[in-house]
2 protein chains.
Amino acid sequence: MDQRDTVNHGDDVNDIESEGLLDGKGIERNWSEISVKNMTNREPLLTKRRNTTSQIAIVGANICPIESLDYEIIENELFKQDWRSRKKIQIYQYIVLKWALALLIGLGTGLVGFFNNISVENIAGFKLLLTTDLMSRHKYYKAFAALAGCNIVLAASAAILCAYIAPAAAGSGIPEVKAYLNGVDAHSILAPSTLFVKIFGSILGVSAGFVVGKEGPMVHTGACIASLLGQGGSRKYHLTWKWLKYFKNDRDRRDLITCGAAAGVAAAFRAPVGGVLFALEEAASWWRSALLWRTFFTTAVVAMVLRAFIQYCWTGNCGLFGQGGLIMYDVSSAKETYSGFDLLAVILLGIIGGIFGSLYNYLVDKVIRTYSIINEKGAPFKILLVVTISLLTSCCSYGLPWLAKCTPCPTNLEVSCPTVGGSGNYKSFQCPSGYYNDLASLFLNTNDDAIRNLFSTSTEKEFHISSLFIFLASVYCLGIITYGIAIPSGLFIPVILAGACYGRLVGRLFESFSKLDTGLFALLGAASFLGGTMRMTVSLCVILLELTNDLLLLPLVMLVLLISKTVADNFNKGVYDQIVKLKGLPYMEAHAEPYMRHLVASDVVSGPLVTFSGIEKVGNILHALRTTAHNGFPVIDEPPFSDAPELCGLVLRSHLLVLLKGKNFSRDRVLSGVEILQRFSAFDFAKAGLGKGVKLEDLDIQEEEMEMYIDLHPITNSSPYTVVETMSLAKAAILFRQIGLRHMCVVPKSQGRPPIVGILTRHDFMPEHVLGLYPHMNPHK
Amino acid sequence: MDQRDTVNHGDDVNDIESEGLLDGKGIERNWSEISVKNMTNREPLLTKRRNTTSQIAIVGANICPIESLDYEIIENELFKQDWRSRKKIQIYQYIVLKWALALLIGLGTGLVGFFNNISVENIAGFKLLLTTDLMSRHKYYKAFAALAGCNIVLAASAAILCAYIAPAAAGSGIPEVKAYLNGVDAHSILAPSTLFVKIFGSILGVSAGFVVGKEGPMVHTGACIASLLGQGGSRKYHLTWKWLKYFKNDRDRRDLITCGAAAGVAAAFRAPVGGVLFALEEAASWWRSALLWRTFFTTAVVAMVLRAFIQYCWTGNCGLFGQGGLIMYDVSSAKETYSGFDLLAVILLGIIGGIFGSLYNYLVDKVIRTYSIINEKGAPFKILLVVTISLLTSCCSYGLPWLAKCTPCPTNLEVSCPTVGGSGNYKSFQCPSGYYNDLASLFLNTNDDAIRNLFSTSTEKEFHISSLFIFLASVYCLGIITYGIAIPSGLFIPVILAGACYGRLVGRLFESFSKLDTGLFALLGAASFLGGTMRMTVSLCVILLELTNDLLLLPLVMLVLLISKTVADNFNKGVYDQIVKLKGLPYMEAHAEPYMRHLVASDVVSGPLVTFSGIEKVGNILHALRTTAHNGFPVIDEPPFSDAPELCGLVLRSHLLVLLKGKNFSRDRVLSGVEILQRFSAFDFAKAGLGKGVKLEDLDIQEEEMEMYIDLHPITNSSPYTVVETMSLAKAAILFRQIGLRHMCVVPKSQGRPPIVGILTRHDFMPEHVLGLYPHMNPHK
């Protein structure tokens, strides 16, 4: 960064020679200095390759180009014409469609959520029944072979889907959704193929016995469904709805995807209020009051769909789908009175939970970096990694229970001991009749059932301290090494599992002093780990309360979450923020960095700035579109059309392409006015779905047309948001983020200068970019 | 509005004669046209007086001046110096203080909430026991005299407090808090005297048997406590904390008051999550993720305080405080299965509830307008009105139960029938032993107990259909005529009471078809009325679930709320929005009005625009401060200090006053630089508490000093948010609201013009102002 190439482009506007060189303080800088190399310097931390030509991110394990989303209302002539002519019926149509889409998202996500559960319960149930059956006939090696074989086949299928069809479906998906809702559109993260792989990959992955959850993938699934519906279906697969044209813009799509993310959480946890709060607290970067209502409607629909299906399943038509599906833990039999000592124990639990939670984040980060080296080598290596981890998981879950002693079954039980069938608290494993193996009850179960066992109340002595310790250690480590492999993998369940085990362990250790039930301790332990990794508060609290259906636990859960989050915040960032950063997604934080207060907007403007005249030569436009990757171009009115050069507005690349395709050129440099628009409707300029817009190659401009003119006024956004060049960068960043912009025009402060200094985009606010320009700046001051 | 005085001020900048006259379309308008009359044209709808000199609002029943709040970060030299010199210890100090304040707000609000409950329970309990005792001895006239006498004394005391000490304490308080959080600061709404009257007035008013709630007043109380703590205590009453200097700005105060509002709801309903959601959905206009966490912490503290006190009261030390205090209704014994027919019934319930809810809003609006005529006549009339309504209420609650027949007590009861003591389901009233009067059980109880009776499950036949009908009609009407009198009066309880009665009535009517419990119907009825009046969704839903402690009701409550809100939205606005408008508070909506798309920023700029030079004569500054009420003045750098006139920034009235008080003047027109600041610290310029800042009268400038100069650069905010004059008004409004501005500078588009066209403030975006300037505009297009 010290020896930078300082190049000067954009000759039609800024002809001043670059002259400012960085001094130590890095404050003074000529406004026209432009660095091409620094233009695109945000790279995913995962790769070591140098890439200086495009803005890229790691999505899944592949590198994808990044687009920014544009939430600005483009007020050009076309928009105003359309606004005036819009009939009342169209507004009603829009409102009805909005609610209909919310309903469809709710229905779709609810359906997928139920399908996911019933599939997992049946596949995993079959696998576990087979193993148990072989065990009961003392065919121990065959049992292991059956378990490990099933796991590897399921894992490999998930990995093949993921590696060959949609690499973007790997991982949790919450970081990608979060980045999308912040305005970052990485290619294919919400594509139909990703949706397909996410659904089936998640079912296969969870069934394969990995320590992964279905919650993150459900959020991603919900977002994909919303995106698919909002784009008017997939044109590629001939599933389009033309009347969804109103939603062909980034703002409406953002709202739909927020609803989708909320619906995903609602479907995963059967927690409708928790889903809304999750979308608000963790997923969304922009929020409106009206959205609260729509999101709530979507999650209510999800809750109703799930309820209807579960009622249907009570009739016994759903195979092995039983209590285990759609987790709902009952801790209501526990007493809720607690003393001062209990509070102390809970505070201690929260502090240690916070430390373990942040350690989890740290280790996950290291593991993802390591795996990315393997994953980059190609699909076969990805699959090999998945199979290795699967084998390791099988060894743990089959091998470790041998370490546990057989425990005599307690008397006065309502359930059978040892357990008959797939799930249950008392697995016999190698034990004789009348005895059970407590470690096997945790390991040889689905994750949901293991959590239910850990949360079970009035069963203080069920698990030995040593067993809990072994399970905690192995699940904590397995959870860490499993995230990052090429399958859809949620983080909630591993963390809840480890946390519940940790809580129960603490409960056992304190059992002589404390009156709290060990099941409650397990719940609080889960809360502390979740607070330590995810760093959410209200949404986690409500999700846990909805899971356990007991509002009286609220104060304790709140306390634990607040403590563990506070403790963990001293060490590192939340796990999703960390992954967003690792992937190189240019996420805009809600606050400005401290050092931005010492810079002004023009200090970070990068170029080359390419501007158009109000009436521009077709050739110039084509040249600019071909030679730059810019998405927005300022339009400048010049004499004779105005007294002095003045900023007319901003024109978007996609609109230019549509206009050029219309070929409404004129031989002379004259104002053609709005007539030019009669060939178009506002929806021709609407944002097309993924890869569906007019491309540069689609244009067929003849040589003689290159010398003709076109009037850009009708498609110019005449109200771009602007800042004066002396505006503090910190305040410009806050403006950019709060309004949800893609371009911000920087205008000069004084007279006699070109009417625009430059354009700020998302990348100009990234700490890497700013600190790259001013390397001597103190990032913390 | 048609014959406007068009005056042209600000001679130092814009000397162009006003020339644009409005044509029918109202689009073209000269940028320098200034209308003094239109400057201040937002008046409360309640008064008929014309007031064209100040911006005023009705607060309580008095007229108060309005200030706007300023959430912008003022980046002037002083701020930057302070930022650089700020030590790490100060940042930690700030963070610790922030949390300490949240804790204190939680403790304070929890304490007040408990005090409120225990007082009401004891006062009202004593009154009811006295009446019951006289009734049982058949002294019917004496009983009425006792009841009505107690009520009148309590009501008159509340009214006296309210009328003479703090008129701003009348009413719910939620509209005022909502407006404050939107950026409107009406005098004295958060003053210590208001807090005092709100607490005691609410206790007296609720005890007096009015159909009013304590929920709205609790929200206002929470906000007052937060404001008092944030201002560093009241200097008037010698309760100041100097180390709270960090919070002397509108942004931090806004955050604290948001916490306070949430704490109020949490204390009123024992609903911590509901409180957070209420603050988010209804109260706050700006929200940050960090705030969610802090609000949640505050409400958790409230929940813990209340829990601790209630546990203490279980020992029997709290007099008549029993189950009735701190409402928590138990409907868990009811079955939650429902059929398709039940759903239809629930949908019908929601639709009719929505209609009744919006009718409630309509009637409340009319009643407030009528009462305001009485209230304006002076304090004695206010008190008379309160006493009249109190007498009417007493007549209803004592007279109407005589219409009900005596019902034989059901057998197999766990509670005694007829009820012994203050609260309970079976009041004997005039009935012989073994019988009870169902209407008396509703009327002669506190509102909380009446709601509990209506929500009670497995007691289908307890109330006659005729009794429910009488109670519904009288409570609905009493609720409407009680809001608007000069006592602190919440709207939640009247609406819940009427709604629960309505729901139970519907439940009785459908009882042969529906399997749902009548208690559940009552809950759903309450939800439908609440949805119809308040128009909240998620927060109401969560509050109701926290009240009833049963999450499985969620889908039904959600459904009812969504339906009733949707139905009611077709008729009018939510009741709080309506009151905000009635009071004349200039509330900025989150969306722009449609007609704003046809205007640009310079179309609504009003003046006179008064600007200062970078180095200005003291006399000029004083003149400007004396002759205008402006709060912000643009500072323009002119030759020889710059090549051409250029916008240097914006200086605030309060900062100018502090600077002038420092008397650091110079004889010559030279840049004094930052030395001038050495006499000041950043906190000298911090926003002072209510009425505590430097006033114009405090300045003592000598005649010879008037001709001296002062350098304004160090206190000029060099990064004001700006828009170009051609920016669409709709987009400017969105920017203004989303960033939370007080001033927005409008800069010219072209060269050779003064560097600033005007300043936009909150009032320039008000529909009354815009439509006043362009009366021929269609407000809906």
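Not measured: the values here are computed from a predicted model.

### Regarding the overall build of chain A
Right, so step 1: Within chain A, the regular secondary structure consists of 24 helices and 13 strands.
Right, so step 2: When each of the 781 residues of chain A is scored for burial, the buried share is 64%.
Right, so step 3: Sequence separation of 24 or more characterises 78% of the internal contacts of chain A that already satisfy a separation of 6 or more.
Right, so step 4: If you sum the accessible surface of chain A, you get close to 28500 Å²; carbon and sulfur atoms cover 60% of it.

### A few points about the relation of the copies chain A and chain B
Right, so step 1: Least-squares fitting of chain A to chain B yields an RMSD of 0.1 Å, with the superposition described by an axial translation of 0.0 Å and a rotation of 180 degrees. As the rotation angle and translation indicate, the two copies are arranged about a two-fold axis. Every residue of chain A has its C-alpha some distance from the rotation axis, and the shortest such distance is that of Q751(A), at 3.0 Å.
Right, so step 2: Take the interface residues of chain A: 100% of them recur as interface residues in chain B, which is what a same-surface contact looks like.

### Thoughts on the state of the cysteines
All names here are of chain A.
Right, so step 1: A full pass over the atoms with the stated rule returns 2 disulfides over all chains.
Right, so step 2: The partner cysteine of C406 in its disulfide is C431, sulfur to sulfur 2.0 Å. Taking the sign of the torsion about the S-S bond as the criterion, the disulfide between C406 and C431, at about -95 degrees, is left-handed. Here the residue C406 occupies a position in strand β4 (residues 406-408), and C431 occupies one in the loop between β4 and β5 (435-437), the gap between them amounting to 25 residues.

### Here's the deal with the interface of chain A and chain B
Right, so step 1: If you look at the interface, chain A gives 71 residues, while chain B gives 71 residues.
Right, so step 2: Summed over both sides, the interface between chain A and chain B buries roughly 6700 Å², with carbon and sulfur atoms accounting for 66% of that surface.
Right, so step 3: For the chain A face of the interface with chain B, the top three residues by lost area are W293(A), R597(A) and K731(A), together amounting to 11%.
Right, so step 4: At the junction of chain A with chain B, the criterion picks out 2 salt bridges.
Right, so step 5: Between E646(A) and K749(B) there is a salt bridge; the shortest N-O distance is 3.4 Å.
Right, so step 6: Counting across the interface, chain A meets chain B through 8 residue pairs in polar contact (both at pLDDT 80 or more).

### Some thoughts on the UniProt feature "domain: CBS" (unreviewed entry) in chain A
Right, so step 1: As annotated in UniProt, the feature "domain: CBS" (unreviewed entry) corresponds to residues 715-779 of chain A in the numbering used here.
Right, so step 2: Across residues 715-779 of chain A one finds 28% helix and 15% strand; the C-alpha atoms that close the span lie 41 Å apart.

### Some words on the sheet that holds strand β9 (residues 646-652) of chain A
Residues and elements named next belong to chain A.
Right, so step 1: Spatial strand order, β6-β8-β9: 3 strands in an open sheet with mixed pairing. Bordering the open sheet on either side are β6 (612-613) and β9, each of which pairs with just one other strand.
Right, so step 2: By the bridge criterion, 2 bridges tie β6 to strand β8 (residues 632-637) in an arrangement that is parallel. Of the residues in β8, the one forming a bridge with F612 is V635.

### A word on the environment of V560(B)
Residue and element names in this part refer to chain B.
Right, so step 1: Topologically, V560 is positioned in helix α18 (residues 554-569).
Right, so step 2: By relative accessible area, V560 is classed as buried at 0%.
Right, so step 3: When the C-alpha positions of V560 and I347 are compared, they lie 6.5 Å apart, and in sequence the two are 213 residues distant.
Right, so step 4: Among residues more than four places away in sequence, those in contact with V560 are V346, G350, L524, A527 and S528.

### What about the nonpolar core?
Right, so step 1: The biggest cluster of nonpolar side chains holds 314 residues, and the ones touching the most others in it are M534(A), F492(B), M534(B) and V557(B).
Right, so step 2: Ignoring sequence-local partners within four residues, the contact set of F492(B) consists of I174(B), E215(B), F269(B), F278(B), L530(B), M534(B), M536(B), L540(B) and Y576(B).
Right, so step 3: Among the nonpolar cores identified, the runner-up in size contains 64 residues, and Y595(A), A733(B), M744(B) and L773(B) belong to it.

### Observations concerning the pairing of strand β8 (residues 632-637) of chain B
Along any regular strand the residues' side chains alternate between the sheet's two faces.
Right, so step 1: Burial analysis of β8(B) places 6 of its 6 residues in the buried class, which makes it a mostly covered element.
Right, so step 2: The alternating pattern of β8(B) places G632(B), P634(B) and I636(B) and F633(B), V635(B) and D637(B) on opposite faces, both of which are buried.

### Let's talk about the sheet that holds strand β13 (residues 758-760) of chain B
Residues and elements named next belong to chain B.
Right, so step 1: With mixed pairing, 3 strands are arranged side by side in an open sheet as β11-β12-β13. In the strand order of this sheet, the two ends are held by β11 (722-724) and β13, each with one partner. This sheet shows a mean twist of 35 degrees between the axes of neighbouring strands, independent of strand direction.
Right, so step 2: Judged from the 3 bridges that link them, strand β12 (residues 744-747) and β13 form a sheet pairing that is antiparallel. Counted as the bridge partner of M744 is L760 from β13.

### Some words on the packing of aromatic side chains
Geometrically, a pair of aromatic rings is defined through the distance of the ring centres and the angle of the planes.
Right, so step 1: This model, assessed by the stated rule, comprises 48 aromatic pairs over all chains.
Right, so step 2: With a centroid separation of 6.4 Å and an interplanar angle of 65 degrees, the aromatic rings of F510(A) and F513(A) are classed as edge-to-face.
Right, so step 3: Given the relative accessible area of 18%, F510(A) is considered buried.
Right, so step 4: Looking at F513(A), the relative accessible area reads 53%, which means it is exposed.
Right, so step 5: Aromatic rings pair up to connect Y140(A), F144(A), Y398(A), W402(A) and F429(A) into one cluster.
Right, so step 6: Note that K565(A) overlies the ring of W293(B), its terminal NZ or CZ placed 4.3 Å from the centroid.
Right, so step 7: Stacked on the ring of W286(A), the Lys or Arg R737(A) has its end atom at 5.6 Å from the ring centre.

### Concerning unusual backbone geometry
All names here are of chain A.
Right, so step 1: Unusually for a residue other than glycine, H138 sits at a positive phi of about 60 degrees.
Right, so step 2: Assignment of secondary structure puts H138 in the loop between α2 (88-136) and α3 (140-165).
Right, so step 3: We note that R270 has phi near 55 degrees; this positive angle belongs to a residue other than glycine.
Right, so step 4: Tracing the chain through its elements places R270 in the loop between α7 (250-269) and α8 (272-283).
Right, so step 5: For R270, a relative accessible area of 24% gives the class partly exposed.

### Here's the deal with the packing of helix α21 (residues 618-627) of chain A against helix α22 (residues 653-662) of chain A
Residue and element names in this part refer to chain A.
Right, so step 1: Two elements in contact, α21 and α22, have axes separated by 12 Å at closest approach and are oriented at 135 degrees. As judged from the angle between their axes, α21 and α22 are oblique. As α21 packs across α22, the resulting crossing turns out to be left-handed. The segment α21 lies against α22, with V618, I621, L622, A624 and L625 engaging R653, L656, L657 and L660.
Right, so step 2: Among the residues making up the contact of α21 with α22, the classes are represented as 8 nonpolar, no polar and 1 charged.

### Some thoughts on the pattern of salt bridges
Residues and elements named next belong to chain A.
Right, so step 1: Evaluation of the coordinates by the stated rule reveals 32 salt bridges over all chains.
Right, so step 2: Taking the shortest distance from any N to any O, the salt bridge between D577 and K178 comes out at 2.6 Å. Here K178 lies in helix α4 (residues 174-182) and D577 lies in helix α19 (residues 575-582), a separation of 399 residues in the sequence.
Right, so step 3: You can call D577 partly exposed: its relative accessible area is 24%.
Right, so step 4: In the salt-bridge network here, residues are joined through shared partners; they are K178, E282 and D577.

### Points about the packing of helix α17 (residues 538-548) of chain B against α18(B)
All names here are of chain B.
Right, so step 1: Put simply, α17 and α18 touch, their axes get as near as 10 Å, and they point 140 degrees apart. Of the possible angle classes, the one that applies to α17 and α18 is oblique. Note on packing geometry: the crossing formed by α17 with α18 is right-handed. In contact with L540, C541, L544 and L545 of α17, α18 contributes L554, V557, M558 and L561.
Right, so step 2: Residues that form the contact of α17 with α18 fall into these classes: 8 nonpolar, no polar and no charged.

Calculation criteria
- Residues numbered from 1 in each chain as written.
- Chains lettered and ligands numbered in written order.
- Predicted model: local features only at pLDDT ≥ 70, side-chain atom pairs only at ≥ 80, totals over all residues.
- Heavy atoms only, no water.
- Helix = DSSP H or I, 4+ residues; strand = E, 2+ residues; numbered from the N terminus.
- Buried < 20%, exposed > 50% of the residue type's maximum accessible area, 1.4 Å probe, protein only.
- Contact = heavy atoms within 4.5 Å.
- Areas by Shrake-Rupley, 256 points an atom, 1.4 Å probe, with all protein chains shown as cover.
- Least-squares fit on C-alpha atoms with pLDDT ≥ 70 in both.
- Disulfide = S-S within 2.5 Å.
- Buried area = accessible area lost by both parts, 1.4 Å probe.
- Salt bridge = Lys/Arg side-chain N within 4 Å of Asp/Glu carboxyl O.
- Polar contact = N/O pair within 3.5 Å; in protein donor to acceptor, adjacent residues only side chain to side chain.
- UniProt positions renumbered as here; feature names shortened; annotations may be inferred.
- Pairing = 2+ DSSP bridges.
- Core = buried A, V, L, I, M, F, W, Y, C linked by side-chain atoms within 4.5 Å.
- Axes fitted to C-alpha atoms, helices over the stretch in contact; angles between N-to-C directions.
- Phe/Tyr/Trp six-rings, centres within 6.5 Å; stacked < 30°, edge-to-face > 60°.
- Lys NZ or Arg CZ within 6 Å of the ring centre and 35° of its normal.
- Parallel < 35°, antiparallel > 145°, perpendicular 65-115°, else oblique.
- Left-handed = near helix turned anticlockwise from the far one by under 90°.
- Nonpolar A, V, L, I, M, F, W, Y, C, P; charged D, E, K, R; others polar.

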